[in-house]
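Chains, contacts and geometry: an overview
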Amino acid sequence: MILVIYAHPYPKHSRAGRALLAAVDGLPGVEVRSLYDLYPDFDIDTASEQAALLRAETIVWLHPIYWYSPPSLLKHWFENVLARGWAYSEGGDALKGKRCLWVPTTGGDEAAYTPNGIHEQPFENFIAPIEQTARFCGMQWLPPIIVHGAHVVSDEQLQAKAEEFRARLIAIGRSATQ
Ligand SMILES: Cc1cc2nc3c(=O)[nH]c(=O)nc-3n(C[C@H](O)[C@H](O)[C@H](O)COP(=O)(O)O)c2cc1C
């Protein structure tokens, strides 16, 4: 099972996240949990989240980038669900060996993440905390799918990213059953 943890504060107003999600929604073996729909008051059901993670072989984190980080509910989810003795530390091997695919969307386009762009630094500089979160829990970090310029990419470019996401999940699903 591939579990997509979708963290968008305004799912109905999303352009990029909605296109990506639409491309994989309904794929066999794919379960989507939209955190802001499930927990609008931030009261995360840790047991349900952990049970969903245990069912999954691959975990996808799909979200917009807010202040170079995941939105606050996903951060809150990390803090509660990836618990000591469950996800890391002694006895904390629940996620060990599972694959992790990160799918962030950014407002900044590729030029924005260059020395002369508004974000000044390459986007790669902001990957480490999330990658290491996955690795700290023993997960296998897959090459991420990064969607830059979420508001400015053409419909065709966005659709191509969505198709890439769909193809990756299908390939992951196939490799898991072989
Ligand atoms: C509070 C806030 C913070 C943001 N911070 C960043 C940022 O640090 N870097 C960036 O490239 N875009 C930033 N953005 C833009 C979002 O990443 C962008 O709107 C989102 O990826 C678009 O996805 P959507 O079409 O699914 O809403 C921010 C947007 C908001 C509302």
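Quick summary incoming for the structure in this document. (Residues numbered from 1 in each chain as written. Predicted model: local features only at pLDDT ≥ 70, side-chain atom pairs only at ≥ 80, totals over all residues. Heavy atoms only, no water.)

1. Focus: the environment of Pro9
Inspection of the secondary structure assignment puts Pro9 in the loop between strand S1 (2-6) and helix H1 (16-24). Residues Pro9 and Pro64, spaced 55 residues apart in sequence, show a C-alpha to C-alpha distance of 9.0 Å. For Pro9, the contacting residues outside a window of four places in its chain are Tyr36, Pro64, Tyr66 and Pro71. (Helix = DSSP H or I, 4+ residues; strand = E, 2+ residues; numbered from the N terminus. Contact = heavy atoms within 4.5 Å.)

2. Here we look at the site of the ligand
As a matter of local geometry, the ligand sits amid 18 residues, with His8, Ser14, Ile65, Thr105 and Tyr113 nearest to it. One of the backbone nitrogen or oxygen atoms of Gly17 is found 2.9 Å away from an oxygen atom of the ligand. Between the ligand and Thr105, the relevant distance is 2.7 Å, taken from an oxygen atom to a side-chain nitrogen or oxygen of the residue. Calculation on the ligand without its partners gives an accessible area of 630 Å², and the protein chains cover 77% of this total. Grouping the amino acids of the shell around the ligand by side-chain chemistry returns eight nonpolar, nine polar and one charged. (Near = heavy atom within 4 Å. Polar contact = N/O pair within 3.5 Å; in protein donor to acceptor, adjacent residues only side chain to side chain. Areas by Shrake-Rupley, 256 points an atom, 1.4 Å probe, with all protein chains shown as cover. Nonpolar A, V, L, I, M, F, W, Y, C, P; charged D, E, K, R; others polar.)

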